[in-house]
Amino acid sequence: MNKYNIAVVGATGAVGEEIIRVLGEMDFPVNVLIPLATAKSVGVEVELGGRKFVVEELSETAFEGRDIDIAFFSAGGDISAKYAPYAVEAGAVVIDNTSHFRMDTDVPLVVPEVNPEDIKLWKKTGIIANPNCSTIQMVQLLKPLHDLYDIKRVDVSTYQAVSGAGKKGMDELVEQMQAFFAFKLGDEKAKAFAHQIALNVIPHIDVPQPNGYTKEEMKMVNETNKIMHSDFAVSATCVRVPVLRSHSESITVTFGESVVVDVDKAREVLENFENVKVVDDIENKIYPMPITATDTNYTYVGRIRKDVYADNILHLWGVADQIRVGAATNAVRIAQKWIDLESK
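Treat the numbers as computed from the prediction; the structure is a model and nothing was measured.

Engineer: Just to check I follow, could you spell out the packing of aromatic side chains for this structure?
Structural biologist: Aromatic ring pairs: the centre-centre distance and the angle between the two ring planes describe each pair. Per the stated rule, a full pass over the model turns up seven aromatic pairs. Ring geometry for Phe63 and Phe73: centres 6.0 Å apart, planes at 25 degrees, overall stacked. Residue Phe63 is found in the loop between strand S5 (56–57) and strand S6 (70–73), and its partner Phe73 is found in strand S6; the two are separated by 10 residues along the sequence. Just as Phe63 is buried, Phe73 falls in that class too. Centre to centre, the rings of Trp122 and Trp338 are 5.6 Å apart; their planes meet at 80 degrees, and the pair counts as edge-to-face. Taken as a pair, Trp122 in the loop between strand S7 (93–96) and strand S8 (127–129) and Trp338 in helix H8 (residues 324–342) lie far apart in primary sequence, 216 residues in all.

Structure (structure tokens):
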């Protein structure tokens with residue numbers, strides 16, 4: 001088996017660390033790992049496959065003469081915008097976890113279970129974009145249903161964990177909960193979020209847009225149609241909840257007016273879809289929850305039911321670990337598929 005030289009930009013961040021962990025778990029054929037980060041992380045050691053690699057400083061010349069095959073970027077959009085072209089110029093395919101390249105018409109936006117054929121377009125720019133975490137887990141559930149019945153509209157409400165805002169988001173929830181039990185909650189202003197997150201939910205993620213939606217919500221709208229090569233309507237309401245890890249989504253799918261949804265058939269196609277697990281037995285209190293999905297590589301779905309009033313509407317509840325399925329695992333799966341396609 002061929003082995004590959006891999007760079008991870010943002011190697012000491014939450015997603016970068018998870019990428020390295022997933023590479024090891026999936027026994028990815030790594031020859032050399034080149035972990036890159038800011039100056040403050042230089043000298044830190046990361047481990048992969050029993051070997052230790054020292055973090056180097058990211059720079060414009062960090063990719064030169066290294067024969068890097070794949071470069072994972074997970075250090076923020078500004079970093080990707082500046083440094084990804086240097087990685088491409090040095091001969092690497094870039095798999096970018098930020099939002100910077102996602103809607104570029106020349107950059108494929110990929111969820112391997114949904115649109116693997118788009119990976120072939122990577123040669124246009126040398127870059128493959130990883131979608132928004134909430135979009136990834138949703139399209140994994142929409143794809144088999146769209147193939148079955150042809151979707152006309154999707155309405156989704158997300159319940160997004162604080163880790164979606166990074167370490168500072170997790171720290172803020174923990175600190176506020178500690179303050180609550182010390183009867184001091186409210187003494188400090190919220191920093192990571194618009195309001196107190198402990199014992200609260202906030203229907204506001206990312207920057208408000210002129211149409212009344214937020215940037216996060218519009219990511220889900222635009223990315224879904226790009227990934228699925230579809231034009232069905234999507235409306236999203238994105239909510240931050242006091243959960244540390246794994247996003248949940250309540251999804252309503254509307255099919256054509258002539259469709260009579262067969263719930264058993266819908267459940268069957270979901271069960272048979274790659275990397276999706278159906279967990280759906282409400283009688284026995286069995287359904288997906290954040291603790292179900294955390295630290296796993298699957299998207300879980302349950303509460304599958306037909307609408308009470310309309311035969312062409314299906315409701316479901318999906319959960320996935322957004323650091324893994326929504327970022328690191330999807331990126332590594334893209335790399336695996338890229339290798340498969342390039343070796344043919």
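Engineer: Honestly, the environment of Val107 in this entry has me stumped. Any pointers?
Structural biologist: Examined against the element boundaries, Val107 turns out to sit in the loop between S7 and S8. Using a relative accessible area of 2% as the deciding quantity, one classes Val107 as buried. In the structure, Val107 is positioned 11 residues away from Asp118 in sequence and 9.1 Å away in space, judged by C-alpha atoms. In contact with Val107, not counting residues within four places along its chain, are Phe101, Arg102, Thr125, Ile127, Ile128, Ala129 and Lys226.

Engineer: I would appreciate a short explanation of the sheet that holds strand S13 (residues 299–306) in the present structure.
Structural biologist: The strands making up a sheet are joined through hydrogen bonds of the backbone, oriented either antiparallel or parallel. Pairing in this open sheet of six strands is mixed, and the strands run S10-S9-S11-S14-S13-S12 from one edge to the other. The outermost strands of the open sheet, each flanked by one partner alone, are strand S10 (233–240) and strand S12 (276–278). Ignoring strand direction, the axes of neighbouring strands in this sheet form an average angle of 20 degrees. Across eight bridges, strand S11 (residues 247–255) lies against strand S14 (residues 313–320) in antiparallel orientation. Looking at the pairing, Val253 lines up with Leu314 of S14. Contacts from helix H3 (residues 133–149) reach strand S9 (151–160), S10, S11, S12, S13 and S14, with the element oriented near 30 degrees to S11. Running at roughly 145 degrees to S10, helix H5 (residues 215–228) makes contact with S9, S10 and S11 of the sheet.

Engineer: Honestly, the side chain of Ser235 in this entry has me stumped. Any pointers?
Structural biologist: Note on placement: Ser235 falls in strand S10. A residue is classified by how much of its surface remains accessible, and Ser235, at 13% relative accessible area, is buried. Dropping the residues within four chain positions of it, Ser235 is found in contact with Arg153, Val154, Asp155, Val156 and Tyr213.

Engineer: What should I look at first to understand a nonpolar patch on the surface in this one?
Structural biologist: On the surface, a cluster of nonpolar side chains totalling about 330 Å² of accessible area is made up of Phe180, Phe181 and Leu199. For Leu199, the location among the structural elements is in the loop between helix H4 (167–181) and H5. Residue Leu199 is classed as exposed on the basis of its relative accessible area of 53%.

Engineer: Explain the state of the cysteines to me, please; I cannot follow it from the model alone.
Structural biologist: Note: disulfide means a covalent bond formed between the sulfur atoms of two cysteine side chains. Taken as a whole, this structure holds zero disulfides when the rule is applied. You can see Cys238 has no disulfide; the closest cysteine sulfur is in Cys133, sitting 8.8 Å from it. For Cys238, a relative accessible area of 0% puts it in the buried group.

Engineer: Help me understand the pairing of strand S2 (residues 30–37) in this model?
Structural biologist: With six of eight residues buried, S2 is to be regarded as a mostly interior element. By the bridge criterion, six bridges tie strand S1 (residues 4–9) to S2 in an arrangement that is parallel. Among the inter-strand pairings, Ala7 is bridged to a residue of S2, identified as Ile34. Handedness of the β-α-β unit built from S1, helix H1 (residues 14–25) and S2 comes out right-handed. Of the strand pairs in this sheet, S2 and S5 are connected by two bridges, and their pairing is parallel.

Engineer: Where do I start with the packing of H1 against H8 in this structure?
Structural biologist: The geometry of a pair of packed helices is captured by two quantities: the angle between their axes and the separation between those axes. Two elements in contact, H1 and H8, have axes whose closest approach is 9 Å; the angle formed by their N-to-C orientations is 50 degrees. Judged by the inter-axis angle, H1 sits oblique to H8. Viewed along their axes, H1 and H8 form a crossing whose handedness is right-handed. For the pair H1 and H8, contact is made by Val15, Glu18, Ile19, Arg21, Val22, Leu23 and Glu25 and by Arg324, Ala327, Ala328, Thr329 and Val332, respectively. Residue composition of the contact of H1 with H8, grouped by class: seven nonpolar, one polar and four charged.

Reading guide: rules and limits
- Counting starts from 1 at the beginning of each chain's written sequence and moves along it residue by residue.
- At least 70 in pLDDT is required for a residue's local features to be given in this predicted model, at least 80 for side-chain atom pairs to be given and counted, and no such filter applies to totals for whole chains, interfaces and linings, which use all residues.
- Excluded from the side-chain calculation are hydrogens and water; included are all heavy atoms of the structure.
- Side-chain rings of Phe, Tyr and Trp, where Trp is taken by its six-membered ring, are said to pair if the distance between their centres is within 6.5 Å; with planes under 30 degrees apart they count as stacked, over 60 as edge-to-face, and otherwise as tilted.
- Only DSSP runs of H or I covering at least 4 residues are called helices, and only runs of E covering at least 2 are called strands; the numbering of each starts at the N terminus.
- Only protein chains enter the calculation, and the probe is 1.4 Å; a residue is then buried if its accessible area is under 20% of its type maximum, exposed if over 50%, and partly exposed in between.
- Two residues qualify as a contact provided that any one of their heavy atoms is within 4.5 Å of a heavy atom in the partner residue.
- Any two strands with at least two DSSP bridges between them are considered paired.
- The axes are straight lines fitted to the C-alpha atoms, using for helices just the contacting stretch, and the angles between their N-to-C directions are given from 0 to 180°.
- Every patch collects residues that have over 30% relative accessible area and no salt bridge, joining them within 9 Å if they carry like charges and within 5 Å if they are nonpolar side chains (Val, Leu, Ile, Met, Phe, Trp, Tyr).
- Accessible areas in this description were obtained via Shrake-Rupley with a 1.4 Å probe; residue shielding takes into account the shown protein chains only.
- The term salt bridge refers to a side-chain nitrogen of Lys or Arg lying within 4 Å of a carboxyl oxygen of Asp or Glu.
- Count a disulfide wherever a pair of cysteine sulfur atoms falls within 2.5 Å.
- Note on handedness: a clockwise path from strand one over the helix to strand two, with the strands aimed away from the viewer, defines a right-handed crossover.
- Relative orientations are named as follows: roughly parallel for angles under 35 degrees, roughly antiparallel for angles over 145 degrees, roughly perpendicular for angles from 65 to 115 degrees, and oblique for any other angle.
- Handedness of each helix crossing follows the sense of rotation of the near helix against the far helix: counterclockwise by less than a right angle gives left-handed, clockwise gives right-handed.
- Residue type decides the class: Asp, Glu, Lys and Arg count as charged, Ala, Val, Leu, Ile, Met, Phe, Trp, Tyr, Cys and Pro as nonpolar, and the leftover types, Gly among them, as polar.

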